[in-house]
Amino acid sequence: MDRRPLEAALGRARYLALYFVSGLAGSALSYLIAAPNQPSLGASGAIFGLFGATAVLMRRLNYDMRPVIALLVINLIITFGWGGIAWQAHIGGLVAGVVTGYAMVHAPRERRSLIQYGTCALVLAVVLVLVLVRTAQLT
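Since the structure is predicted, the reported quantities are computational estimates derived from the model, not experimental observations.

A. Expanded view of the overall build of the chain. Check the secondary structure of the chain and you find six helices and zero strands. When its helices and strands are written in sequence order, the chain yields α-α-α-α-α-α. Here the C-alpha atoms of the chain give a radius of gyration of 15 Å, agreeing with the 14 Å that 2.2 N^0.38 yields for 139 residues. In terms of principal-axis extent, the alpha carbons of the chain reach across some 45 × 35 × 20 Å. Expressed as a percentage of the 139 residues in the chain, the buried residues total 39%.

B. Here's a closer look at helix H2 (residues 12–33). If you check H2, its first and last C-alpha atoms are 32 Å apart, about what 22 residues at 1.5 Å a residue would give, namely 32 Å. Taken together, the buried residues of H2 touch helix H1 (4–10), helix H3 (44–60), helix H5 (87–106) and helix H6 (112–138).

C. Representation of helix H4 (residues 66–81) in the model. Here H4 spans 22 Å end to end across 16 residues, near enough to the 22 Å set by a 1.5 Å rise per residue. Taken together, the buried positions of H4 are Val 68, Leu 72 and Thr 79. Buried residues of H4, viewed axially, fall in a sector of 35 degrees; they line one side. Exposed residues on H4 whose side chains face more than 90 degrees from its buried face are Arg 66, Pro 67, Ile 77 and Gly 81. Tucked inside the fold, the buried residues of H4 contact H3 and H5.

Reading the values: rules and limits
- Residues numbered from 1 in each chain as written.
- Predicted model: local features only at pLDDT ≥ 70, side-chain atom pairs only at ≥ 80, totals over all residues.
- Heavy atoms only, no water.
- Helix = DSSP H or I, 4+ residues; strand = E, 2+ residues; numbered from the N terminus.
- Rg over C-alpha atoms; globule rule 2.2 N^0.38 Å.
- Buried < 20%, exposed > 50% of the residue type's maximum accessible area, 1.4 Å probe, protein only.
- Expected span 1.5 Å × (residues − 1).
- Contact = heavy atoms within 4.5 Å.
- Arc of directions from axis to C-beta.

The following block contains the structure:
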């Protein structure tokens, strides 16, 4: 996936915030749901977050959704079709990417920064709660 259209639409700071929030959300969901001894590695949650935000942006711009839907379907088939893939990270990243992307793409101009960064903070708060809940379960 070419990052330039999404990065151009959001700007570098918001794009990086989206990437990191999605990655952390994917990791948190994996930590919460997966078995404690299940290893997980990579930035796939962040990548799925970018997929989700790209879908939101394409929908907002009334672009043809078929390419991004096809990409998501193929990646989800791979995610659930092969063993050893942390599907929890993919789904967590995708949900965080859609939520954060929606806030970034649809925020009204007069309160844009507040809504965009507030949504990032809200998603990060949810991530923190998920991590704290799972840590309490394991200790």
